[in-house]
Structure formats: structure tokens, C-alpha cells
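Residue strings, one per chain:
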Amino acid sequence: MKTLLRMLNVGLLASALAFTLSCRSGSVNTPPNAEIDPTTVLWYSHPADRWENALPVGNGRLGAMVFGQVNEERIQFNEETYWSGGPYSQTVKGGYKVLPEIQSLIFNGEYIKAHKLFGRYLMGYPVEQQKYQSMGDVILKLGHGPEVKNYRLELDLNEAMARVTYENKGIKFQREVFSSPVDQVVVIRLTADRPGSLSLVVNLRGCRNQAHSNYATDYFRMDGYGPDGLILRGKSADYLGVQGQVRYEARLKAKAEGGSILVEDTDLIIKQADAVTLYLAAATNFVNYKEVSADPHRRVEETLSQIENKPYEKIKDDHTREHQRLFGRLAIDLGSTSNSFLPTDERLKKFDGKNDPNLAALVFQFGRYLLISSSRPGTQPANLQGIWNQYQNPSWDSKYTTNINTEMNYWPAEVANLSDCAQPLFRMIEELTDQGAEVAREHYGAGGWVFHQNTDLWRVAAPMDGPQWGTFTTGGAWLCTHLWEHFLYSGDLDFLRKYYPVMRGSVEFFLDFLKEHPVHGWLVTNPSTSPENFPDRPGNGRFFDEVTGWMSPGTTICAGSTIDLQILNDLFGYVAQASEILGLDEPFRQKVLEARKRLAPMQVNKKGELQEWLEDWGQKEKSHRHISHLYGLFPGNQISLRRTPELAAAARAVLEQRGLEGNGWSSAWKMACWARLREPEKAMENFAYALHHYTFDNLFSICSKALQVDGSFGMTAALAEMLLQSHEGEIFILPAIASSWKKGKITGLRARGGFQLNLRWDEKQGLVVEVISDLGRPCLIRTPFPAEVGEVPPGLAVTRKDINLFSFETQPGQSYKMRFVPVAN
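Residues numbered from 1 in each chain as written. Predicted model: local features only at pLDDT ≥ 70, side-chain atom pairs only at ≥ 80, totals over all residues. Heavy atoms only, no water.

1. Regarding the packing of helix α13 (residues 493-513) against helix α15 (residues 586-597)
For any two helices packed against each other, the geometry comes down to the angle between their axes and how far apart the axes lie.
Point 1. Between α13 and α15, whose axes approach to 11 Å, the crossing angle comes to 50°. As summarised for this structure, α13 and α15 are arranged oblique, according to the angle between their axes. In this structure, α13 crosses over α15, and the sense of that crossing is left-handed. The segment α13 lies against α15, with Tyr-500, Arg-504, Val-507, Glu-508 and Leu-511 engaging Phe-588, Lys-591, Val-592 and Ala-595.
Point 2. When the residues that make up the contact of α13 with α15 are grouped by side-chain class, the tally is six nonpolar, no polar and three charged. (Axes fitted to C-alpha atoms, helices over the stretch in contact; angles between N-to-C directions. Helix = DSSP H or I, 4+ residues; strand = E, 2+ residues; numbered from the N terminus. Parallel < 35°, antiparallel > 145°, perpendicular 65-115°, else oblique. Left-handed = near helix turned anticlockwise from the far one by under 90°. Contact = heavy atoms within 4.5 Å. Nonpolar A, V, L, I, M, F, W, Y, C, P; charged D, E, K, R; others polar.)

The following block contains the structure:
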């Protein structure tokens with residue numbers, strides 16, 4: 001706050017600022033590559049050296065990774081419903097009969113015995129789940145290497161377009177690649193500045209599980225198709241005893257301007273063309289998580305027939321327009337330096353936390369781009385890798401992990417003005433109630449529905465992997481908080497009415513499942529876990545686990561982990577509020593509120609840290625990557641500098657203890673927590689550390705050497721928390737602004753209560769805020785410094801409620817611009 005106050009005390013303008021957002025801040029001396037927008041363009045002076053550094057394009061359903069090679073290009077592609085297996089269930093009948101014994105053992109401190117019983121009787125079967133698969137590769141044999149000039153590979157986030165440009169033997173070549181959400185094809189366009197210069201051979205190749213090649217049951221067939229096409233057909237692998245039931249087809253169609261096209265076996269040969277456009281369509285027989293009866297051939301045929309007579313430029317324009325409908329809602333500029341115009345991989349290496357403010361803007365927009373590209377209305381939700389995966393055995397199966405990762409994928413959806421992109425998540429939550437109700441009944445003898453820490457395309461809901469992870473019963477409850485958050489941002493009563501039964505069903509399960517602690521009398525989850533963190537407590541030594549088949553460092557099983565009770569505290573409150581708003585279930589509401597009062601409270605341990613478990617245990621790992629018990633700080637709203645200063649101090653102590661190490665998503669979570677504590681330099685320290693240690697050259701996040709999207713989404717959410725917070729019933733402007741963001745502008749941030757915010761600030765011009773009200777509710781704004789309102793629209797009455805708190809009434813659809821002037825405290 002002091003830094004910003006110093007910045008704003010220098011020469012305030014007398015008139016309100018215009019909200020015209022330029023592409024970049026620029027500098028006095030025009031830097032090299034100044035035509036590149038450093039907030040929306042990733043670019044490189046060389047091709048990607050591996051898949052993890054390739055550039056992603058996607059339309060929510062079809063994803064592709066572009067390498068930018070000049071001799072033989074590879075464009076790897078995915079279709080979001082190509083998974084191993086087929087519809088199946090993990091539910092094990094009758095497990096609830098052993099539950100009382102497991103709970104008794106836990107309350108008596110016999111955790112390993114409880115672990116073994118849980119593993120034998122309450123784990124889902126099969127214990128593992130299905131895998132997201134790569135569908136294939138488009139190979140372009142160009143023969144342009146190795147010596148080329150003026151090479152550039154770029155990804156334009158604003159256009160959702162990957163481009164490769166270079167010169168070879170005096171000819172300028174260009175490739176454009178995009179995945180159209182309008183026409184449902186991946187498009188590859190090749191051009192040259194000299195007629196007749198394009199000659200290449202194209203292959204469409206499938207993928208098979210090489211690790212299981214001697215006994216896997218997946219297969220693919222590659223053939224030519226007509227005079228100008230290639231076709232790939234196949235089926236998914238059987239896995240874990242589940243029959244591979246997914247059938248798929250991918251087809252590539254070529255159109256050449258000039259020259260000739262010839263198909264010979266699996267080669268598509270193009271000679272001496274002026275320009276070439278390749279259209280890739282792909283589909284499976286997936287209908288929903290219970291049905292695989294569609295005809296992939298018919299789907300592909302319909303897709304390609306619809307663009308048969310559609311010109312390339314029209315396809316490109318429609319794609320760009322639809323992408324910008326979402327991406328263009330928000331723009332951000334935090335200031336450029338000469339480093340901002342360097343290739344992206346060099347920007348990452350040279351970043352010291354302060355010397356390239358707009359690198360944060362690029363990371364922010366990259367997260368938004370990934371969400372648009374991997375999660376659109378009608379598609380599947382973004383999985384651990386979004387929709388991009390080249391492996392048949394990807395890390396953690398590239399599925400949906402819900403003890404942090406899937407939730408983090410959708411943290412930026414509301415605040416970053418992409419609420420539409422969360423629709424696939426909401427549908428998945430509803431679908432999980434199907435098997436979730438079976439698991440509640442058969443595993444726990446409870447009503448309602450329950451979901452644990454992982455699911456896949458087939459929406460299984462039982463505990464999986466092993467008791468070390470599977471005892472996280474609040475995965476579904478955590479997901480339900482996203483439903484409430486959407487309502488807070490949108491005020492959509494129809495949405496709340498539709499999803500209230502889903503939220504209510506989750507609460508119903510826990511009303512049956514919660515147990516009274518025999519010592520404290522609190523209501524607690526039992527069994528429970530604090531995700532993946534092994535407590536250091538008596539008797540928690542190594543043992544051979546019959547579920548995992550390896551030596552376990554101990555067990556995580558417990559009763560009443562802090563994160564469980566924080567999530568339930570939130571969800572119980574949300575359901576009670578929803579019940580009141582909708583005028584439903586008054587007796588049920590009272591029952592929920594009474595149970596909420598009895599939930600175990602948060603505690604501070606002897607070191608001054610927020611306690612992770614009911615007991616004051618240590619942890620076996622010095623600095624564990626999960627900070628699960630800080631859910632109550634972020635994304636929850638139970639720990640506050642103003643409302644609960646003691647708990648805020650205890651949360652800060654946890655962040656200090658955990659330090660910087662972890663992985664990409666861990667850094668993003670810590671960064672958001674530091675923003676809630678209003679310590680921007682701590683947040684930026686985690687940001688810089690993540691960029692240097694847990695970020696690929698293409699800005700994808702790294703988790704244990706694997707590419708994941710969660711950290712990329714989490715960074716967008718964390719940066720948004722530094723710029724705006726609205727979780728405490730007010731809109732806090734620039735609550736944790738970094739000292740290097742000396743001037744900046746952002747349009748299109750969303751706040752709870754149905755507000756959109758445009759902000760602009762700098763040393764000379766001060767802080768100007770525009771509020772756009774969707775719902776016409778009263779607006780409460782907090783500034784990061786003691787202030788008074790310098791200018792307001794005529795007729796608007798602004799009340800100064802505190803030294804930095806202001807309120808005014810709004811009307812639906814109206815905007816309100818005002819300038820805030822710092823004053824002495």
C-alpha cells in the first residue's frame with residue numbers, strides 16, 4: 001500500500017482518465033520486435049525441442065501441439081473423448097458394514113490398522129481409473145532444413161493462432177495452425193511468396209500404447225481416403241479389466257491452390273502448389289459417460305461436408321471472431337521494458353521479478369487462453385493437461401484430480417470474465433452425483449452423494465489409488481463451492497435453482513457421515529486425510545501396503561482434517577443461504593446450520609502455525625507441496641486479515657514454513673494466499689520462482705517434470721487476486737499490487753455481486769476506476785490507500801464510509817467512472 005501511495009502522490013491529473021487500453025506501454029526508444037504485443041504473443045527464434053515446449057491450439061474439443069519444425073513438422077492432436085476403457089463402475093457393495101470398525105480404530109489412534117481395513121473394503125475396484133489418450137500426429141515432410149533464415153515461431157493468444165515463418169533458398173514460407181470452435185476442425189495453412197514453391201508429403205499417424213504393446217487391445221488403421229485425403233481409424237485399449245469401447249476416426253482433407261495432389265497408400269503428396277490448406281476432423285463414438293453408441297464416421301463426414309465450399313479466409317475469420325468474443329472481454333497491460341520484446345524463453349530466463357512487468361500480463365492471458373481452448377460449453381472439462389496429451393500412459397492418467405488440481409483449473413473462470421468456460425465443470429459435477437450416490441450408499445451407508453480425489457471420462461466416484469489418497473471424501477463438496485461462486489458472480493437464480501439439489505445432496509451425505517469426536521465433541525469427518533501429506537505422529541512408520549504393493553512411508557488417514565472441516569463449513573453455509581434465497585427446505589436449513597456450529601474449529605499449533613490436523617502433529621516432509629489447510633484463506637473465505645487476524649498470522653506462518661519449493665500449482669496457490677494476506681512481494685517471489693523452476697518455455701506449468709495446466713490457470717487467478725478481491729462483501733481495488741507495476745491498466749475483471757471493473761493507474765495520473773453493474777446492486781469499493789473521490793459522474797452520490805471505503809447505488813447495465821485521490825490518514 002505504501003508503495004502505491006508513493007506512486008500515486010506524484011502529480012494527479014485534474015480530470016478523469018479515458019478508458020482506452022493500448023496494446024502495450026511502449027518506451028521512448030522503439031525496441032526490436034516492437035510490433036509484437038508482449039501481453040498476448042509468445043514467440044521464439046527456434047522450433048520447439050520437445051512436445052512439452054510445443055505451442056497449443058484448441059477449440060475445447062480438438063487440441064493440437066505445434067512444434068514449428070522446418071524439415072519434418074509434427075502436429076500432435078487430441079480429441080477430448082478418446083480415453084481408455086468405456087463405461088464402468090468402481091463401486092464396491094457392502095463396504096459400509098466395515099465402516100464403524102474403521103472409524104473406531106481411527107478414534108483410538110490405530111491408524112495403520114484402519115488404513116488396511118479401508119484398503120480392503122472401502123477402496124473402489126478397480127483401484128485405478130482410465131487414461132486420457134493421444135489420438136495421432138499430422139506429419140508434414142517439407143525438406144526445408146536445416147539452414148533457414150529469419151525464423152519465427154509464435155502463438156498469438158488474441159487470434160488463437162500458431163504461426164511459423166522463415167526463409168529457405170530465398171523463399172518466404174508461412175504456416176498458420178488453429179483449431180476452429182465454429183467449424184470443429186484443426187486447420188493447417190501453408191503459403192509461400194513464390195508461386196509453385198510448396199511441395200510436401202503428408203502423413204496421418206495413429207498412436208498405440210507402446211508400454212503395453214505385447215498385450216494391449218488398442219489398435220489403429222491408416223489409409224488414404226479418396227484423391228485428396230487420409231484417414232485414421234481405431235479403438236481404445238482395454239484397461240484394468242474394463243473393455244476398450246471408444247471407437248474413433250480422424251480424417252485429413254487437403255486443398256491446394258495450383259500444383260497437384262496425389263494419394264499413394266498412406267502418403268498424401270502435394271507438388272508445386274502456391275498454397276495448401278489441410279483440414280483435420282476427428283470424432284469418437286462417445287455420447288456421454290454411460291453411452292458410446294455414436295457413429296464417428298458420420299460425425300467426421302458431417303463436419304467436413306459443412307466446410308466443403310467454405311473459403312479458408314471465411315473459416316479463419318469465423319474462428320477468430322468466435323475466439324475474440326471470449327478472449328477480448330479482458331485486456332491487461334502492466335508496463336513494458338526492453339525485455340518484454342525478447343523471445344518468450346529468453347524473457348523467462350532473464351526475469352528477476354521486476355524487470356518485465358508485462359510478463360505477468362502474458363502469463364495472465366495465457367491462462368485465459370488455455371481455458372478458452374480446453375473448456376467450452378458442451379465440451380468436457382479441462383483435465384490435468386487441459387486437452388493436450390501426447391502419451392498413452394500420461395502422468396496421473398491426465399484425468400481429473402480433485403484434491404486441488406481440477407478446482408484450480410477453474411479458479412480464474414469467474415474473475416477473468418470466462419464464466420461460460422466453467423459450464424463443462426458444472427455438468428461434470430452433476431454427472432458425478434450418479435455413481436456418487438451409489439458410493440455413498442454402498443461404501444458409507446449414507447444418503448446423498450460423495451466423490452473423492454479423482455475421476456475420469458466415465459465419472460466414477462469411489463476412492464482410488466490407495467487409502468493414502470482415497471480417504472479425501474470432500475472432493476465433491478469442494479467442487480460444489482464452484483457452483484455457489486458462479487451464483488455470487490452472476491446472481492443467476494435459474495442456475496442456483498438448477499444446481500441446488502446437487503449441493504443439497506452433498507450436504508445430505510455429510511450429515512449422515514459426520515461423527516462426534518469422542519474427546520472434543522466436535523463433528524468431524526472419519527475417515528479423513530489432509531491431501532497427500534503424511535503426518536509425523538507416533539506409530540506412523542513405514543509398512544508394506546497391500547493396495548499399492550509398495551512400502552508406504554506411513555498413512556495419511558485421520559479424523560477431521562482441517563481442509564475437510566473448512567470445505568464443509570463453507571458448503572453448509574452456502575446451502576443454507578441458497579435454501580433461504582430460493583425459499584426452500586426451511587427445516588433442512590436449520591438442521592444444516594446446527595450441524596455447522598458443531599464442526600471442529602481451526603486451531604493454531606504451538607509453533608504459531610495453522611494446524612493441519614485435529615492434533616498438533618508434525619509432517620514427514622519438511623516443505624510439503626500441498627497447503628491444504630490454507631483452503632480457508634484461499635480459495636475459501638474463513639481467514640481474514642481484518643476479521644481473523646490471529647488465524648491470518650497462523651496462515652502466514654504456514655506459508656513461511658512451506659517456502660518456495662513445490663511445483664507449478666503449489667506456487668500458484670501460495671501466490672494467491674500471499675495476495676489475500678496483502679503481501680505482494682511475497683506473491684511475486686513465488687511467481688518468479690515458479691517461472692524459473694516450474695514453467696516450460698511455452699508457459700505451461702510443470703508438476704514433477706510433467707506438463708500440467710493447473711499451475712497456469714492458478715497463476716491467472718493469483719494475479720487477479722493481486723489486482724482485485726471481492727470475497728468480503730466489497731470490491732478491494734489493487735489490494736496486493738507489485739512494486740514493479742508502477743502503471744497499468746486492465747479492463748474486464750469481474751467481481752462478485754455482478755460487477756465488471758476497468759482500472760487504470762500510474763504515478764502521474766492516479767487511480768481511475770470504472771464500475772459496470774450487471775445486477776444493479778449497491779457497490780462497496782475499498783481503495784489500497786486512504787482516499788477521497790476526486791471526480792464522479794454527475795448525480796452519483798458516493799458515501800465515504802471509512803478512510804478507504806466508499807459506497808454508491810447502481811442501476812442494471814450502467815457504468816460509473818471515478819477517480820480516487822490519496823489523502824493523509
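2. Focus: helix α2 (residues 99-107)
Point 1. Turning to α2, its buried residues number three or more, namely Leu-99, Ile-102, Gln-103, Leu-105 and Ile-106. When α2 is viewed along its axis, its buried side chains cluster within an angular range of 160° and face the same direction.
Point 2. Residues of α2 that are buried sit in contact with α3 (111-121), α10 (423-444), α13 and β20 (515-516).
Point 3. Within two residues after α2, Gly-109 carries a phi angle of roughly 80°, on the positive side. (Buried < 20%, exposed > 50% of the residue type's maximum accessible area, 1.4 Å probe, protein only. Arc of directions from axis to C-beta.)

3. Side note on helix α7 (residues 357-374)
Point 1. Between its first and last C-alpha, α7 extends 27 Å over 18 residues, near the 26 Å set by a 1.5 Å rise per residue.
Point 2. Within α7, 18 of the 18 residues are buried, which leaves it mostly tucked inside the rest of the structure. (Expected span 1.5 Å × (residues − 1).)

4. A word on the pairing of strand β35 (residues 799-802)
Point 1. In this sheet, strand β36 (residues 805-808) lies alongside β35 in antiparallel orientation, the contact comprising three bridges. Counterpart to Arg-800 in the pairing with β36 is Phe-806.
Point 2. A loop of two residues connects β35 with β36, the two strands running antiparallel in sequence. (Pairing = 2+ DSSP bridges.)

5. As for the sheet that holds β35
Point 1. Strand order in the open sheet formed by five strands is β28-β29-β33-β36-β35, with mixed pairing between adjacent strands. Because the sheet does not close on itself, it has two edges, and the strands there are β28 (724-725) and β35.
Point 2. Where strand β33 (residues 779-782) lies against β36, four bridges are found, and the strand directions are antiparallel. Within β36, the position partnered with Leu-780 by the bridge is Ser-807.

6. A short note on the sheet that holds strand β16 (residues 275-284)
Sheet strands line up and pair through hydrogen bonds in the backbone, either parallel or antiparallel.
Point 1. Strand order in this open sheet of nine strands is β1-β6-β7-β8-β9-β16-β13-β12-β11, and the pairing throughout is antiparallel. Both edges of this open sheet fall to β1 (41-44) and β11 (219-225), since each of them pairs with a single strand only. With strand direction ignored, the average angle separating the axes of adjacent strands in the sheet is 15°.
Point 2. In the sheet, β11 pairs with strand β12 (residues 229-235) via seven bridges, with the strands oriented antiparallel. Its bridge partner lying in β12, Tyr-219 is registered against Lys-235.
Point 3. Packed on one face of the sheet, helix α5 (residues 312-327) meets β7 (161-168), β8 (171-179), β9 (186-192) and β16 and runs near 50° to β8.

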